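Observations on the model geometry
Take a look at the letters that make up each chain.
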Protein chains: 2
Amino acid sequence: MLSKKTRYALKALVVLGKNFGGTPIQISKIATEEHIPKKFLEQILLDLRNAGLLFSKKGSGGGYGLVKDPADISVVQILRLTGGPVALLPCVSLNFYQKCDECVNEATCGVRDVFVEVRDATVKILSETSIADLIQREKNLISSFG
Amino acid sequence: MLSKKTRYALKALVVLGKNFGGTPIQISKIATEEHIPKKFLEQILLDLRNAGLLFSKKGSGGGYGLVKDPADISVVQILRLTGGPVALLPCVSLNFYQKCDECVNEATCGVRDVFVEVRDATVKILSETSIADLIQREKNLISSFG
DNA sequence: AAAAAAGTCTACTTAATCTATATACATTGT
DNA sequence: ACAATGTATATAGATTAAGTAGACTTTTTT
């Protein structure tokens with residue numbers, strides 16, 4: 001499962017993506033709209049800022065905005081930034097690899113072999129999907145039965 | 001990430017699958033071979049037995065064995081039995097659905113929409129893979145560089 | 001019948017980590 | 001100067017996973 005941190009990050013980025021090019025949006029606005037605890041969201045946006053994804057502006061009229069075009073930010077990138085696990089097994093993770101401590105022989109493990117496949121399928125989808133795509137999907141869903 | 005319970009279950013089933021049709025295997029043997037804490041493994045195998053996947057025999061010469069052919073047991077089934085999450089979001093899970101408490105409108109959520117796709121891809125792979133396939137994969141890996 | 005070899009069952013404990021909150025500080029705009 | 005806003009770090013609280021303990025039951029062997 002994704003952590004709430006990852007979920008909140010994605011939702012916040014969707015909000016910011018819709019506003020790309022406009023004036024900064026305040027944390028509290030996003031928190032209220034998306035039902036995210038404000039203090040928690042502060043930390044998350046700060047992380048995204050320190051990772052170079054967001055710019056921030058302090059003081060009155062301040063807030064956050066996207067640095068890059070939402071079409072150039074992939075979902076998988078956000079999972080990794082927020083520490084969300086993509087792989088279902090530690091020994092299969094590309095970015096957070098860890099040996100399974102019970103494992104007798106990783107190289108010949110059939111279980112691992114399947115979960116490599118699962119990881120590849122997941123990474124494919126999530127790296128081909130951008131924040132802009134999330135916004136588009138939302139629009140499509142709204143027009144189809146919103 | 002899969003829980004250790006799920007991982008241990010899969011590894012134990014591979015051992016039992018190799019032995020399908022033979023005499024029962026003791027918990028302690030599996031625990032030793034696969035580096036799984038014995039007491040923990042006891043609980044797991046008991047669950048699998050209560051789910052009808054394994055039979056058990058008490059007393060001297062006792063142990064566990066598979067009830068069904070390993071080719072008829074899918075990996076996804078084991079994940080579900082051992083409570084492992086297949087979906088990456090609770091609102092996307094087929095068997096353990098839960099509303100995301102922050103979610104404003106699930107039906108039009110773009111984030112959810114992508115993770116439905118990820119879930120489908122994952123379920124496809126894991127439902128097409130059986131315990132027998134895991135064993136076969138292991139053999140293939142051994143012959144290719146074991 | 002007794003003893004030994006397994007599995008069964010329930011409860012408890014520990015440890016980790018995720019989630020959230022609190023507090024003090026820094027910067028900007030009016 | 002003051003209010004609005006983000007920055008940073010620390011800590012508390014909640015939840016769950018992981019593992020452990022111990023007494024019990026059934027079966028086989030002697």
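Residue indices begin from 1 for each chain and proceed along its sequence in written order. Key to labels: chains lettered from A, ligands numbered from 1, both in the order written. Two thresholds apply to this predicted model, a pLDDT of at least 70 for residue-level local features and 80 or more for giving and counting side-chain atom pairs, whereas whole-chain, interface and lining totals are computed over all residues. Excluded from the side-chain calculation are hydrogens and water; included are all heavy atoms of the structure.

Quick look at the overall build of chain A
Worth spelling out the cut-off: Going along the chain from the N terminus, every DSSP run of H or I of four or more residues is numbered as a helix, and every run of E of two or more is numbered as a strand. Accessibility here uses a 1.4 Å probe with only protein chains present; expressed as a share of the type maximum, an area under 20% marks a residue as buried, one over 50% as exposed, and anything in between as partly exposed. Any two residues whose heavy atoms approach within 4.5 Å are treated as being in contact. Computed with the Shrake-Rupley method and a 1.4 Å probe, the accessible areas treat only the protein chains shown as cover for residues. Positive charges are assigned to Lys and Arg, negative charges to Asp and Glu, while His and the chain termini are left out of the count. Taken as the charge centre is NZ of Lys, CZ of Arg, CG of Asp or CD of Glu, depending on the residue.
Counting its regular elements, chain A contains six helices and two strands. From first element to last, N terminus to C terminus, chain A shows the α and β order α-α-α-β-β-α-α-α. Oriented by its inertia axes, the alpha-carbon framework of chain A measures out at about 60 × 35 × 25 Å. Burial analysis of chain A (146 residues in total) assigns 50% to the buried set. For chain A, long-range pairs separated by at least 24 residues make up 58% of all intrachain contacts whose partners lie at least 6 apart in sequence. With the model as given, the accessible surface of chain A reaches about 6800 Å², and the carbon-plus-sulfur share is 52%. Side chains of chain A carry 19 positive and 15 negative charges; the gap between the two charge centres is 9 Å.

With respect to the relation of the copies chain B and chain A
Here is the rule we go by: A residue counts toward the fit only if its pLDDT is at least 70 in both copies, and the copies are then superposed by least squares on the C-alpha atoms of those residues.
Take chain B, turn it by 180°, move it 0.0 Å along the axis, and it overlays chain A with an RMSD of 0.0 Å. The operation mapping one copy onto its partner corresponds to a two-fold rotation axis. Both copies share a contact surface, since 100% of the interface residues of chain B are interface residues in chain A too.

Remarks on the domain arrangement of chain A
Where interface size is quoted, it is often the accessible area lost as the parts come together. Stated formally: An automatic or database domain assignment supplies the start and end points of every domain.
Each domain of chain A was delimited in the assignment, giving domain 1 (4-66) and domain 2 (85-129). Relative placement of domain 1 of chain A and domain 2 of chain A: their C-alpha centres are 31 Å apart.

Quick word on helix H6 (residues 131-145) of chain B
Residue and element names in this part refer to chain B. Spelled out, the test is: Helix span, as expected, comes to 1.5 Å for every residue beyond the first. The arc in question is traced by the directions running from the helix axis to the C-beta atoms.
Here H6 contains 15 residues, and its C-alpha end-to-end distance of 21 Å stays within 8% of the 21 Å for a straight helix at 1.5 Å per residue. When H6 is considered as a whole, its buried residues turn out to be Ile131, Leu134, Ile135, Arg137, Glu138 and Leu141. End-on, the buried residues of H6 take up no more than an arc of 160°, which puts them together on one face. Residues Lys139, Ser143 and Ser144 are exposed on H6 and point more than 90 degrees away from its buried face.

Let's talk about the protein's contact with DNA strand D
What counts, and what does not: Throughout, the term near means that a residue has one or more heavy atoms lying within 4 Å of the molecule or strand in question. Any pair of N or O atoms that falls within 3.5 Å is considered a polar contact. Within protein, one atom must be able to donate a hydrogen and the other to accept it, and sequence-neighbouring residues count only if both atoms are side-chain atoms. We call Asp, Glu, Lys and Arg charged. Ala, Val, Leu, Ile, Met, Phe, Trp, Tyr, Cys and Pro are nonpolar, and the rest, Gly among them, are polar.
Taken together, 28 residues surround DNA strand D, and among them Ser56, Gly63 and Tyr64 of chain A together with Lys39 and Gln43 of chain B come closest. Looking at DNA strand D alone, sugar and phosphate atoms form 68% of those within 4 Å of the protein. Within the backbone of Ile27 of chain A, a nitrogen or oxygen atom sits 3.1 Å from a phosphate oxygen of DNA strand D. Counting residues per element, the ones that place at least two in the surface near DNA strand D are helix H3 (38-50), strand E1 (54-57) and strand E2 (63-66) of chain A together with helix H1 (4-18) and helix H3 (38-50) of chain B. Classifying every residue of the surface near DNA strand D gives seven nonpolar, eleven polar and ten charged.

Here we look at unusual backbone geometry
Glycine aside, negative phi is the norm for most residues, and most peptide bonds take the trans geometry. Unlike most non-glycine residues, His35 of chain A shows phi in positive territory, near 60°. Note that His35 of chain A resides in the loop between helix H2 (27-34) and H3.

Looking at the pairing of E2 of chain A
All names here are of chain A. Stated formally: We treat two strands as partners when DSSP finds at least two bridges between them.
Alternating residues of E2 divide into Gly63 and Gly65 and Tyr64 and Leu66, and every residue in both groups is buried. Across four bridges, E1 lies against E2 in antiparallel orientation. Residue pairing for E2: Lys57 is matched across the bridge by Gly63. Connecting E1 to the next strand, E2, in antiparallel fashion are five residues, including Gly59 with a positive phi near 75°.

Remarks on the protein's contact with DNA strand C
Near DNA strand C you find 28 residues, and of these Lys4, Lys39 and Gln43 of chain A together with Ser56 and Tyr64 of chain B are the closest. Here, DNA strand C places atoms within 4 Å of the protein, and 73% of those atoms are sugar or phosphate. Between Lys4 of chain A and DNA strand C, the recorded distance is 3.0 Å, taken from a backbone N or O atom to a phosphate oxygen. Side-chain polar atom of Lys58 of chain A to a sugar or linking oxygen of DNA strand C: 3.4 Å apart, as the coordinates give it. Secondary structure elements with two or more residues in the surface near DNA strand C: helix H1 (4-18) and H3 of chain A together with H3, strand E1 (54-57) and strand E2 (63-66) of chain B. Per-element accounting of the surface near DNA strand C gives the leading share, five residues, to H3 of chain B. Looking at the surface near DNA strand C residue by residue, the class counts come to seven nonpolar, eleven polar and ten charged.

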